[in-house]
Each structure stands twice: as C-alpha cells, then as structure tokens.
Amino acid sequence: MKQNKHRTLKLALLFSVIIFSIMTLSMLLIGVIIVMLYYTGHLGELDTLFLLIWFIFPSLITGIVIAFLVAIKGLQPVLKMCDAITKVAEGDFSVRFKEKYLIYEVSQMAECFNVMVKELDNMNTVHTNFINNVSHEFRTPLSAIEGYAAFLGNEQINKAERIQYANQIIGVTEKLSVIINNILLLSKISVENMKIEKEYFNLSESIREVLIMLENKWSVKKLSIDLELQDFLYLGSKEMMEEVWNNLIGNAIKFSDSGGQLKIKSLKNKNTVIVIISDNGIGMTKETQEKIYDKFFQADTSHSQDGAGLGLSIVKRIIAVHQGKIHIDSELNKGTTFTIDLPMLKK
C-alpha cells in the first residue's frame, strides 16, 4: 500500500515537472522571439501591457500545443496496452510489448504485462496438450473397458469368467490412472521456463530408494545389481529426479532377460554430476534410438501393456529443466546405457 502511494506521488511529481518544463520552455521561447524582434526593429515602441499580452498568449498557446503532443506520445503505450489486453481476452497470447520506455513505471508495466501473458500462454499450452494427449491415449483402454463390460452383461458366462473380466477392467483402469498421472506430469514440466522447487538431497541415496521400491520387479527376474554410487549433495527437485530413476531403472528391468545384470554408477566432478544406468538386455536399433524420446512411442510393442510410452519424454524434460543432458548408447541384443550429465545448480 505504501509502495503504491509512493509510486503515485512520484508519477504526480513527474508529470508536474514535465508540465512546468513545457510552460517554462514555451515562455522562454516566445520571450527570446519578442526580444529578437524588438532589437531588430520589427517591433516598435510597445507599452508594458501590450508586451505582456504578446508574451503571455503565445506562450500559453505554444505550451498547450507542446503539452498536447507530449500527452499523445505519453499515452501511446497505454492505448497500445488497451488493445493488447483486448487481444488477450480474445485468446491471443502472442502479444508482447517492448520493455524500455523513458518513464520507468511504464517500462515496469510493460514487463509485468509480458510476464502475465507468457504465463497465460504456458497455462493454455498445458491445457491444450493435456486434452490432446488424453484424447489420443484413452481410446484403446476405454474400448477395452467397453468390451469387457459387454462380456459381463452376458448372462451365459460363468462366475470364473466374470471374475476374469472384472480383473481385466481393474487392470485397464489402473493403467488409465498411470497414464493420467504421466500426462499431467509431462504437461506440467513441458511449460517453458518452468521454475522448480530446489532442495539439497543425497542424489545417490535417491537412486537406492528407487531400487528398493522396484525390488519386487528385479528380484523376480533374478537380476544382479552392480552399484558404484558416490554420496554427495545435489541441488534440485528430489521428486522429479526420483521420477527419472524410476523410469530409467524400470525400463532397464523391463527389457532385461532373467539373470541379466544392471549397472548403476554415480560420480561428482567439480561442477558436474554424472549418472550412468546400463543393462545387458534386448537393446535397440539406431532408428529406435532416434524416436525413443517421442511421446507415446514404444520400441517394443510386446511390453505396451506396461506403459503408455511417456516415460522417456518425461525423463528428457526433467533433465532439461535441471539444465542437464541425457545420452543413449544402445546395441540390439547387447544392451542399453543411459548417461546423464547434470550441472551443479546454485540457489
């Protein structure tokens, strides 16, 4: 409140100074002209009253004209902003203002307007992406639910078949739940210039925690786990990075044969963190590697029931949000290695 009052007084003082300067300038200008005309003989002897009339009225007219021109120039940003607000109200979020004006408050207003429109554009993008992704990915599960429900409506099926179809519906709905969560997460992190809540956490410990959560999956396949983890504190989003480990380690388990090996290494250099996750599973071709980060892409359709093809898109975006890079090295029937480079961020 006090800050707004201070800005109001500052603007009032600024406009007062501008008007005073205009009037003073116009009076000086007319005064100089009258003096020059008088000394060059263009004006004869004039009494004081007539001289004052000659001085005051032209000064007023000149001051009004100059003030009018200055007002038009000063109001242009406000008028442009009114037009821009109208466009935003109609759904056009591409409107932007230049952010440098002579008056600081106008520059600040333009900067705030640009930030607001950018955030609205991001929100609109999230909304649009979510709708597009949902409509794309929900067709198959919903068709499956519709088919199983139709079977359940058949009075001729026995109890065992009813239980089977009911379990199938439960499985599909669980997959839908996972898809919704992944789409929401992907839409959220796809926003440009997204701000993350950073905290210091033990990055290697977060990898261990994910491995414990996935123990029932890698233990069933009797995979050997080779860990070479260096403990250090990393500044970033612990929740997001655990999503990265969950996807990469989960994929390594999923595409490994029984009795395979999973290697995970983490180390910290001076300004960089490196995490390497490798398996000796089925691997992938060069063509597959080029598409692996595309939304809804699934390299192995035999595992399509286990996911929606969003995991690596999420991984890549999370790494990008942390200003890092991810590299894949894979060979068919020999295995896959993901290398993640993360800079040490600062608060």
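Read on for a plain summary of the structure. (Residues numbered from 1 in each chain as written. Predicted model: local features only at pLDDT ≥ 70, side-chain atom pairs only at ≥ 80, totals over all residues. Heavy atoms only, no water.)

Examining the sheet that holds strand 2 (residues 224-229)
Here is step 1: Read across the sheet, 5 strands follow the order 2-4-5-7-6 without closing on themselves; strand pairing throughout is mixed. One side of each edge strand has no neighbouring strand; the edge strands of this open sheet are strand 2 and strand 6 (325-331). With strand direction ignored, the average angle separating the axes of adjacent strands in the sheet is 10 degrees.
Here is step 2: Of the strand pairs in this sheet, strand 4 (residues 261-268) and strand 5 (residues 272-279) are connected by 7 bridges, and their pairing is antiparallel. (Pairing = 2+ DSSP bridges. Helix = DSSP H or I, 4+ residues; strand = E, 2+ residues; numbered from the N terminus. Axes fitted to C-alpha atoms, helices over the stretch in contact; angles between N-to-C directions.)

Some details on the packing of helix 6 (residues 203-213) against helix 8 (residues 238-254)
Here is step 1: Closest axis-to-axis distance for the helix 6/helix 8 pair is 9 Å, and the angle between their directions is 50 degrees. As the angle between them shows, helix 6 and helix 8 are arranged oblique. When you trace helix 6 past helix 8, the crossing you get is right-handed. On the side of helix 6, the interface is formed by Leu-203, Ser-206, Ile-207, Glu-209, Val-210 and Leu-211, while helix 8 contributes Lys-238, Glu-242, Trp-245, Asn-246 and Ile-249.
Here is step 2: Residues belonging to the contact of helix 6 with helix 8 are distributed by class as follows: 6 nonpolar, 2 polar and 3 charged. (Parallel < 35°, antiparallel > 145°, perpendicular 65-115°, else oblique. Left-handed = near helix turned anticlockwise from the far one by under 90°. Contact = heavy atoms within 4.5 Å. Nonpolar A, V, L, I, M, F, W, Y, C, P; charged D, E, K, R; others polar.)

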